[in-house]
Amino acid sequence: GQFVLNFEVSELAKKIHAMASRSAEEWFELGMECDTNSKSLDQAVEAYAKAVEAAPGWIEARINLGTTLYQLGRMESALEQFKKAVELEPHNALAEFNLGCVLQQIGDLNKAIQHLARSVELMPALADAHLNLALAYEKIGQKRNAIRHLSLYVRYEPNGPWAEFARSRIAAQRTPGHASGKLTPFRRKH
């Protein structure tokens, strides 16, 4: 297990090199430490990958690895991690949500809708899934479904900028010529 990393923070580099034979949990913890800073996302990927290598069935490690890969713009790799997470744990709403988000991002709206709908079926109060599902429905012209999920988002998250955004999208759905919205960020398992 020798590898080379480019670090800006020397203490972080020392930690990773000292952890060559550490547990999956230790790699996961290091990944969480690294993914808090955009400058150390590559190191987070390496740490999460080591956690997954040590514990291939650990869903949380796969979800965080996929999320970090997504943040780095490595969509195909992120997609692979989220697919594997769903395969390993088909009743994991967070895995379904993140898989739906990456599919939505790469433009596969039908599959995105399938996974986002599954995530809200598994966890009805997962507000971000309702918002992303609404935006996917909006893009394919299903206004009624879009309004329904925007309304559910507001029910579960009644305050804040995303609630205002959802309310504006509901109003826009009722008027011709509305613009599409922005995707919500991924959820990470801690």
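Given the structure is predicted, the values throughout are model-derived calculations rather than measurements.

Novice: Just give me the short version of the overall build of the chain, but keep the residues and values in it.
Specialist: Helix and strand counts for the chain come out as 10 helices and zero strands. Listed by position from the N terminus, the elements making up the chain come as α-α-α-α-α-α-α-α-α-α. Carbon and sulfur atoms form 49% of the exposed surface of the chain, whose accessible area is close to 9800 Å².

Novice: An account of helix H9 (residues 143–156) is requested, with residue identities and associated values reported.
Specialist: The end-to-end C-alpha separation of H9 is 20 Å, in line with the 20 Å expected for 14 residues at 1.5 Å each. Check the buried side of H9 and you find it contacts helix H7 (109–122), helix H8 (127–139) and helix H10 (161–173).

Novice: Account for the environment of Pro56, with residues named and values stated.
Specialist: Secondary-structure assignment places Pro56 in the loop between helix H3 (41–54) and helix H4 (59–71). Here the alpha-carbon distance between Pro56 and Leu88, two residues 32 residues apart in the chain, equals 9.4 Å. The residues touching Pro56, leaving out its near neighbours within four places in the chain, are Arg62 and Leu88.

Novice: Please set out the packing of aromatic side chains residue by residue, giving values where relevant.
Specialist: The way to describe two aromatic rings as a pair is by their centre distance and the angle between their planes. Throughout the structure, instances matching the rule amount to three aromatic pairs. A centroid spacing of 4.6 Å and a plane angle of 35° characterise the contact between Phe28 and Trp58, whose relative ring orientation is tilted. Residue Phe28 is found in helix H2 (residues 24–34), and its partner Trp58 is found in the loop between H3 and H4; the two are separated by 30 residues along the sequence. Under the relative-accessibility criterion, Phe28 is labelled buried at 4%. Within the aromatic cluster, the residues linked to one another by ring pairs are Phe28, Tyr48 and Trp58. Between the NZ or CZ atom of Arg155 and the centre of the ring of Tyr156, over which it lies, the distance is 6.0 Å.

Novice: For the packing of H9 against H10, give the residues involved together with the corresponding values.
Specialist: Contact geometry of H9 with H10 gives a least axis separation of 9 Å together with a crossing angle of 155°. Accordingly, the angle class assigned to the pair H9 and H10 is roughly antiparallel. Seen along the crossing, H9 lies across H10 with a hand that is left-handed. Side by side, H9 and H10 meet where Lys143, Ala146, Ile147, Leu150, Ser151, Tyr153 and Val154 of the first sit next to Trp162, Ala163, Ala166, Arg167, Arg169, Ile170 and Gln173 of the second. Grouping the amino acids of the contact of H9 with H10 by side-chain chemistry returns nine nonpolar, two polar and three charged.

Novice: So what's going on with the confidence of the model for the chain? Residues and values would help.
Specialist: Residues with a pLDDT of 70 or more make up 82% of the chain, whose mean pLDDT is 88. With pLDDT under 50 throughout, residues 1–5 is counted as low confidence; its partners more than four residues away or in other chains account for 10 contacts.

Conventions and cut-offs
- Along each chain, residue indices are assigned from 1 in the same order as the chain's sequence is written.
- The predicted origin of the model limits local features to residues at a pLDDT of at least 70 and limits the giving and counting of side-chain atom pairs to 80 or more, whereas totals for whole chains, interfaces and linings rest on all residues.
- By convention in this description, side-chain values take in all heavy atoms of the structure and omit both hydrogens and water.
- In this text, helices come from DSSP runs of H or I with a minimum length of four residues, and strands from runs of E with a minimum of two, each type numbered from the N-terminal end.
- Calculation of accessible area relied on Shrake-Rupley with a 1.4 Å probe; when residues are assessed, cover is drawn exclusively from the protein chains displayed.
- By this rule, a helix spans an expected 1.5 Å times one less than how many residues it contains.
- The contact criterion used throughout is that any non-hydrogen atoms of two residues lie within 4.5 Å.
- The criterion for an aromatic pair is that two Phe, Tyr or Trp rings (for Trp, the six-membered ring) have centres within 6.5 Å, with stacked assigned to planes under 30 degrees apart, edge-to-face to planes over 60 apart and tilted to the rest.
- Relative accessible area decides the class of each residue, using a 1.4 Å probe on protein chains only: under 20% of the type maximum gives buried, over 50% gives exposed, and in between gives partly exposed.
- Any Lys NZ or Arg CZ that is within 6 Å of a ring centre and within 35 degrees of that ring's normal is treated as a charge sitting over the ring.
- Helix axes are fitted only over the stretch in contact, all axes being lines through C-alpha atoms; the angle between N-to-C directions runs from 0 to 180 degrees.
- The scheme is simple: roughly parallel for angles under 35 degrees, roughly antiparallel for over 145, roughly perpendicular for 65 to 115, oblique for anything else.
- Put simply, a crossing is left-handed when the front helix is turned counterclockwise from the back one by less than a right angle, and right-handed when it is turned clockwise.
- Under the convention adopted here, Pro, Cys and the residues Ala, Val, Leu, Ile, Met, Phe, Trp and Tyr are nonpolar, Asp, Glu, Lys and Arg are charged, and Gly plus all remaining residues are polar.
- Looking at any residue, its pLDDT shows the predictor's confidence there, from 0 to 100.

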